[in-house]
Amino acid sequence: MVGRRHSPGPTPPVSALNAEHHHAPEGTNMSTPDTNSVTNSAPGLAPHGTDSAAPDAGTTRVKRGMADMLKGGVIMDVVTAEQAKIAEDAGAVAVMALERVPADIRAQGGVSRMSDPDMIDSIIEAVSIPVMAKARIGHFVEAQVLQSLGVDYIDESEVLTPADYSNHIDKWAFTVPFVCGATNLGEALRRITEGAAMIRSKGEAGTGDVSNATMHMRQIRQEIRRLSSLPEDELFVAAKELQAPYELVADVARNGKLPVVLFTAGGIATPADAAMMMQLGAEGVFVGSGIFKSGNPKERAEAIVKATTFHDDPDMIAKVSRGLGEAMVGINVDEPARSIQFAERGW
Amino acid sequence: MTGPTSAPLVGVLAVQGDVVEHIRALTLAGAEAVPVRRPEELAAIDGLVIPGGESTTIDRLLRVFGLAEPLRARLADGLPVYGSCAGMILLSAEILDGRADQQGLGALDITTRRNAFGRQVDSFEVDLVLDGLSERFHAVFIRAPWVERVGPGVQVLASIERDGTKHPVAVRQGNLLATAFHPEVTDDVRVHALFVEMVRARGNIDGRAVVEGSASTTNRDN
């Protein structure tokens, strides 16, 4: 487990550096409990008094650690406070606030952007679980706004219309952590290099067709297995091929996994879809249109949560799959009508 | 079940949360660690860890999967349980800023406030003095709770000061241990070692894992 702690990648800016442990205990401070002071708010804190323990906010460890706490859980797309409540009631570990669910973005077209701050505020107000929100690829000001609103995680998402076709957001510059999508290992490692603290495999969001999510999850896992099998002297070329920093590539090769949590997303519509992605190695699941575009959102959401926990138990998956009503109708990935290729955005 | 030298069997509640991190830490601390999702798995263990995660989700799934009642029964029998973050919330007698229907397990005589330090942007790490450990513990707080009230039988092991008030963030009551922070996301397994010792001590004294009656009131804090 692991590499999470090695803070791989190139030397990040200062904001990320306080990630490194100061784990070495300072002196033998015999236990007088209660001696630590913490100042008021997170960033840039100095301790009260003489105690040398200064708290650090926005570190790589708290960003990646936040994703660890979501593992084995389901994160649900919501567009209103009411949907957020339904998601929380059903056992979601977090909700993703966005302007329109991917199925509607797909159907309606047009430019898709960060949500209205009022809507995000109303969702933060409505639920006690973490609230994530999407920013456009490369749109660092949308990300600044989301951080200012107090969202717990930002998804720099290909489902929205990209704002920059060359650069992603410099995610080290933020206190709030980011999750990014990836279709393959190189893309995942480039996002981690930019500061992403969580990766989700991309699927074709808004289709209800799980095949792309399956392909990308298999791809990432396969490339990780291949790296682990390489002799050390071949990792340099592997890094070149992956277009990712050598240190990060070597870390993945050594640990056999990404240094951050890997979820899956895109096209998941049934409890069996979620369970399959977990069996393929996802550590948790994002469900978008699959819940609120289905006939019975509440029951379907509950069932997907249960199937994610018991993803390796077919009896349980069978049990929770009963009586859910209609799944989202879905668009086949190959249909010509499916004009937007979300997964191809991001590079 | 657990002899003086053998590794105690410690479960990690695995309905949601950072389960593998706890399994790794427990293993390094000398326990045999297994995930627990079913009542029969719960019945077999000598001690349990409730991991970090989303407390509302775990609370709900405990009930949905029929684990809440068996777990309450084992807690009443004195099962050693350690909760980190969400686990601390779930063990608490009273939960503030929780969901209205959040029931918890009500085993630990404390009042806990969820997300007391703020949202994710307020998550932090700090070196903490922890009673019973000779050197500071590097503690990672993620959307962490704090304790606002402790009952008479509860020992405070560490606190953090905010706005002039000291808030307990690590507590022990008999066989129960809880931290608002996440030792499992660091390489330091001293908190887990402390818990494994608690599990071992109970195994040795009771001579078996499940005790009928009032073993839970035995206070071995000293």
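Please read these numbers as outputs of a predicted model, since none were measured by experiment. (Residues numbered from 1 in each chain as written. Chains lettered and ligands numbered in written order. Predicted model: local features only at pLDDT ≥ 70, side-chain atom pairs only at ≥ 80, totals over all residues. Heavy atoms only, no water.)

Novice: Would you take a moment to explain the overall build of chain B for this structure?
Specialist: Along chain B, the regular secondary structure elements total 6 helices and 12 strands. Across chain B, every contact between residues at least 6 apart in sequence was considered, and the portion connecting residues at least 24 apart equals 66%. Total accessible area on chain B stands at roughly 6,900 Å², and carbon and sulfur atoms take up 52% of it. (Helix = DSSP H or I, 4+ residues; strand = E, 2+ residues; numbered from the N terminus. Contact = heavy atoms within 4.5 Å. Areas by Shrake-Rupley, 256 points an atom, 1.4 Å probe, with all protein chains shown as cover.)

Novice: Mind showing me how you'd approach the pattern of salt bridges here?
Specialist: Should their charged atoms come close, side chains of opposite charge can pair. Inspection of every chain in the model, using the stated rule, returns 35 salt bridges over all chains. Its salt-bridge partner being A:Arg61, residue B:Glu125 comes within 3.3 Å of it at the nearest N-O pair. Taken as a pair, B:Glu125 in strand β7 (residues 124-128) and A:Arg61 in helix α2 (residues 60-68) lie in two separate chains rather than in one. On the accessibility criterion, A:Arg61 (7% relative accessible area) is buried. (Salt bridge = Lys/Arg side-chain N within 4 Å of Asp/Glu carboxyl O. Buried < 20%, exposed > 50% of the residue type's maximum accessible area, 1.4 Å probe, protein only.)

Novice: Looking at this model, I keep getting lost on the environment of A:Ala244. Mind explaining?
Specialist: Residue and element names in this part refer to chain A. Summarising the element assignment, Ala244 is placed in the loop between α9 (235-242) and α10 (246-255). Owing to a relative accessible area of 10%, Ala244 belongs among the buried residues under this scheme. In sequence terms Ala244 and Arg190 are 54 residues apart; their C-alpha atoms lie 5.7 Å from each other. Residue contacts for Ala244: discarding those within four places in its chain leaves Leu189, Ala239 and Val249.

Novice: Sorry if this is basic, but what is going on with the packing of helix α11 (residues 271-279) of chain A against helix α14 (residues 314-321) of chain A here?
Specialist: All names here are of chain A. Running from N to C, α11 and α14 point in directions that differ by 155 degrees, and their axes come no closer than 9 Å. Looking at the two axes, α11 sits roughly antiparallel to α14. Residues Pro271, Ala272 and Ala275 of α11 form the contact with α14, whose participating residues are Ile317, Val320 and Ser321. Among the residues making up the contact of α11 with α14, the classes are represented as 5 nonpolar, 1 polar and no charged. (Axes fitted to C-alpha atoms, helices over the stretch in contact; angles between N-to-C directions. Parallel < 35°, antiparallel > 145°, perpendicular 65-115°, else oblique. Nonpolar A, V, L, I, M, F, W, Y, C, P; charged D, E, K, R; others polar.)

Novice: Could you clarify how one ought to interpret the pairing of strand β4 (residues 81-84) of chain B in this entry?
Specialist: Residues in a regular strand point their side chains to alternate faces of the sheet. All names here are of chain B. Alternating positions in β4 separate into two faces, Val81 and Gly83 on one and Tyr82 and Ser84 on the other, with burial throughout. Pairing analysis gives 3 bridges linking strand β3 (residues 47-50) to β4, with the strands arranged parallel. Across the sheet, residue Ile50 finds its bridge partner in β4, namely Gly83. Strand direction decides the pairing type here: β4 and strand β12 (residues 176-179), joined by 4 bridges, are parallel. In the sheet register, Gly83 faces β12, and the bridge partner there is Ala178. (Pairing = 2+ DSSP bridges.)

Novice: I'm lost on the sheet that holds β7(B) in this one. Help?
Specialist: Taking strand neighbours across the sheet as the criterion, the 3 strands line up as β2(A)-β7(B)-β8(B) in an open arrangement whose pairing is antiparallel. Every other strand in the sheet has two partners, leaving β2 (56-57) of chain A together with β8 (137-141) of chain B as the edge strands with one partner each. In this sheet, β7(B) lies alongside β2(A) in antiparallel orientation, the contact comprising 2 bridges. By the bridge assignment, A:Ala57 is partnered in β7(B) with B:Phe124. Against the sheet, α2(A) contacts β7 and β8 of chain B, and its axis sits at roughly 55 degrees relative to β8(B).

Novice: Before we go on, may I ask you to explain the sheet that holds strand β9 (residues 146-150) of chain B in this structure?
Specialist: Each strand in a sheet pairs with its neighbour through backbone hydrogen bonds, running either in the same direction (parallel) or in the opposite one (antiparallel). Residues and elements named next belong to chain B. Within the open sheet, the 3 strands sit side by side as β5-β6-β9. Their pairing is mixed. Edge positions in the open sheet fall to β5 (92-96) and β9, since each of these has one partner strand only. Strand-to-strand, the axes of this sheet are offset by a mean angle of 30 degrees, without reference to chain direction. Looking at chain direction, β5 and strand β6 (residues 108-113) are connected through 4 bridges and run parallel. Bridge assignment links Leu96 to a residue of β6, and that residue is Arg113.

Novice: Just checking my understanding: could you explain the side chain of A:Thr309 for this structure?
Specialist: Structurally, A:Thr309 is set in helix α13 (residues 297-309). In this view, A:Thr309 contacts A:Gly72, B:Ala14, B:Val15, B:Arg37, B:Leu61 and B:Phe65; residues no more than four positions away in its chain are not counted.

Novice: Sorry, what's going on with the nonpolar core here?
Specialist: Note that soluble globular proteins tend to have their nonpolar side chains buried in a common cluster. Residues A:Leu189, A:Leu227, A:Leu258, B:Leu48, B:Phe141 and B:Val169 are the most contacted members of the largest nonpolar core, which totals 144 residues. Non-local contacts of A:Leu227, meaning those with residues more than four positions away in its chain, are made with A:Leu185, A:Leu235, A:Ala238, A:Leu242, A:Val249, A:Val252 and A:Ala253. Ranked by size, the runner-up nonpolar core spans 21 residues in total, among them A:Ala67, A:Ile75, A:Tyr153 and A:Met198. (Core = buried A, V, L, I, M, F, W, Y, C linked by side-chain atoms within 4.5 Å.)

Novice: So what exactly am I meant to see when it comes to the confidence of the model for chain A here?
Specialist: Detailed reading of the predicted coordinates is not advisable wherever pLDDT is low. Per-chain confidence: chain A averages 85 in pLDDT, with 81% of residues scoring 70 or above. Note on residues 1-52 of chain A: pLDDT under 50 across the span, and 125 contacts to partners over four residues away in sequence or across chains. (pLDDT = per-residue confidence, 0-100.)

Novice: Is there a simple way to explain helix α3 (residues 81-90) of chain A in this structure?
Specialist: Because an α-helix completes one turn every 3.6 residues, residues spaced three or four positions apart along the sequence face the same direction. Residues of α3(A) that are buried: A:Ala81, A:Gln83, A:Ala84, A:Ala87, A:Glu88 and A:Ala90. Packing partners of the buried residues in α3(A) comprise β3 (74-78), β4 (94-97), α5 (117-126), α12 (289-292) and α13 of chain A together with α3 (55-64) of chain B. Positioned one or two residues after α3(A), A:Gly91 has a phi angle of 105 degrees, which is positive.

Novice: So what exactly am I meant to see when it comes to the side chain of A:Ser201 here?
Specialist: Residue and element names in this part refer to chain A. Note that Ser201 resides in strand β8 (residues 198-201). Only 2.8 Å separates the side chain of Ser201 from the side chain of Thr264, close enough to count as a polar contact. Excluding its chain neighbours within four sequence positions, the residues that come into contact with Ser201 are Ala182, Ala213, His216, Met217, Ile220, Leu262, Phe263, Thr264 and Ala265. (Polar contact = N/O pair within 3.5 Å; in protein donor to acceptor, adjacent residues only side chain to side chain.)

Novice: Before we go on, may I ask you to explain the packing of aromatic side chains in this structure?
Specialist: One pair of aromatic rings is described through two measures. These are the centre distance and the angle between the planes. One pass over the structure, following the stated rule, counts 11 aromatic pairs over all chains. Residues A:Phe236 and A:Tyr246 carry aromatic rings whose centres are separated by 4.5 Å and whose planes lie at 10 degrees to one another, so their mutual orientation is stacked. Here the residue A:Phe236 occupies a position in helix α9, and A:Tyr246 occupies one in helix α10, the gap between them amounting to 10 residues. Judged by relative accessible area, A:Tyr246 falls into the partly exposed class, the value being 29%. Ring pairs connect the aromatic residues B:Phe117, B:Phe124, B:Phe137, B:Phe141, B:Trp146 and B:Phe181, which therefore count as one cluster. Sitting over the ring of B:Phe124, B:Arg162 keeps its end group 5.4 Å from the ring centre. (Phe/Tyr/Trp six-rings, centres within 6.5 Å; stacked < 30°, edge-to-face > 60°. Lys NZ or Arg CZ within 6 Å of the ring centre and 35° of its normal.)

Novice: Help me out: how do you make sense of the environment of B:Gly118 in this one?
Specialist: Along the chain, the position of B:Gly118 falls in the loop between β6 and β7. When the C-alpha positions of B:Gly118 and B:Gln103 are compared, they lie 22 Å apart, and in sequence the two are 15 residues distant.

Novice: Would you take a moment to explain a negative patch on the surface for this structure?
Specialist: All names here are of chain A. Taken together, the side chains of Asp116, Asp118, Asp121 and Glu125 present a region of like negative charge at the surface. Mapped onto the elements, Glu125 comes out in helix α5. You can call Glu125 exposed: its relative accessible area is 69%. (Patch = residues over 30% accessible without salt bridge, like charges linked within 9 Å, V, L, I, M, F, W, Y side chains within 5 Å. Lys, Arg positive; Asp, Glu negative; His and termini not counted. Charge placed at Lys NZ, Arg CZ, Asp CG, Glu CD.)

Novice: Where do I start with the confidence of the model for chain B in this structure?
Specialist: All names here are of chain B. The predicted model of chain B has a mean per-residue pLDDT of 90, with 89% of residues at 70 or higher. Across residues 207-222, confidence stays below pLDDT 50; counting only partners more than four residues off in sequence or on other chains, it has 33 contacts. Predicted complex, confidence summary: ipTM 0.90, pTM 0.86.

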